[in-house]
Amino acid sequence: MSVHGHGRTDFREWEILTSGAVPVIDYFEEHDDLFDGLPVVRVRDWSAVTPEFLDAEWERLQVESRAGRVDWRKVYLPYWFARYTEHMTPSVA
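So, a few notes on the structure that sits alongside this text. Given the structure is predicted, the values throughout are model-derived calculations rather than measurements.

### What to know about the overall build of the chain
Looking only at helices and strands, the chain has four helices and two strands in total. Mapped from its N terminus to its C terminus, the chain presents α and β elements in the order α-β-α-β-α-α. Based on the C-alpha atoms only, the size of the chain along its principal axes is roughly 60 × 35 × 25 Å. Buried positions account for 28% of the 93 residues belonging to the chain. Here the analysis covers contacts within the chain between residues at least 6 apart in sequence; of these, 33% occur between residues at least 24 apart. Total accessible area computed for the chain in this model is approximately 6,800 Å², and 56% of it derives from carbon and sulfur atoms.

### Overview of the nonpolar core
Nonpolar side chains tend to gather and get buried jointly when the protein is soluble and globular. In terms of nonpolar packing, the biggest core is built from eight residues, these being W14, L17, I25, F35, L38, V40, V75 and W80. Leave out the neighbours within four places in its chain, and W80 touches W14, L34 and K74. Within the second largest apolar cluster, five residues are counted, among which are V24, V41, V43 and V49.

### Quick look at the pattern of salt bridges
Taken as a whole, this structure holds five salt bridges when the rule is applied. The shortest N-O distance in the salt bridge between R60 and E57 comes to 2.8 Å. Taken as a pair, R60 and E57 lie in helix 3 (residues 51-66) at a separation of three residues, close to a single helical turn. Classification of R60 as partly exposed rests on a relative accessible area of 32%. For E57, a relative accessible area of 16% puts it in the buried group. With a closest N to O distance of 3.1 Å, E64 and R69 form a salt bridge.

### Here we look at the packing of aromatic side chains
By the definition in use, this model includes four aromatic pairs. Measuring from ring centre to ring centre gives 4.9 Å for Y79 and W80, while their planes differ by 85 degrees; the resulting arrangement is edge-to-face. Overall, W80 belongs to the buried group, its relative accessible area being 12%. Aromatic side chains W80 and Y84 sit 5.9 Å apart centroid to centroid with 25 degrees between the ring planes, which places their arrangement in the stacked category. Placement of both W80 and Y84 in helix 4 (residues 77-85) is noted, with a separation of four residues, approximately one turn of the helix. According to the relative accessible area criterion, Y84 is exposed, its value standing at 55%. Site record: aromatic cluster; members linked through ring pairs are W14, F35, Y79, W80 and Y84. The lysine or arginine in question, R44, covers the ring of Y27, its NZ or CZ lying 3.8 Å from the ring centre.

Thresholds applied
- Residues numbered from 1 in each chain as written.
- Predicted model: local features only at pLDDT ≥ 70, side-chain atom pairs only at ≥ 80, totals over all residues.
- Heavy atoms only, no water.
- Helix = DSSP H or I, 4+ residues; strand = E, 2+ residues; numbered from the N terminus.
- Buried < 20%, exposed > 50% of the residue type's maximum accessible area, 1.4 Å probe, protein only.
- Contact = heavy atoms within 4.5 Å.
- Areas by Shrake-Rupley, 256 points an atom, 1.4 Å probe, with all protein chains shown as cover.
- Core = buried A, V, L, I, M, F, W, Y, C linked by side-chain atoms within 4.5 Å.
- Salt bridge = Lys/Arg side-chain N within 4 Å of Asp/Glu carboxyl O.
- Phe/Tyr/Trp six-rings, centres within 6.5 Å; stacked < 30°, edge-to-face > 60°.
- Lys NZ or Arg CZ within 6 Å of the ring centre and 35° of its normal.

Encoded structure:
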C-alpha cells in the first residue's frame, strides 16, 4: 500500500513495481496515462479495500497480463528517457 502524503505520487510506487510487486495506490485521474499498462491497483475509496476487492483486482491483473496489456518496460528509466526525448532533434555543429 502506498497512500499519498503531501504529493500525488511517490517514489515508493516505483520501488514496489521494480521489486516485482503490485502497488495499491490512490486514484488520481491525471495519472491515467502514467500508470496505464502497469500492474497497479488504484483506489478511489480506501474503505472499499477488502480481501474480496484485492482478490478481484489480482484476477483483473492476471487477465491483463495474459492478454499482453502489461508493459514492464514502463517501469524502468530507458522507457521514460526515450519518451521525454523523442521530440528532440540532434543539433548540428
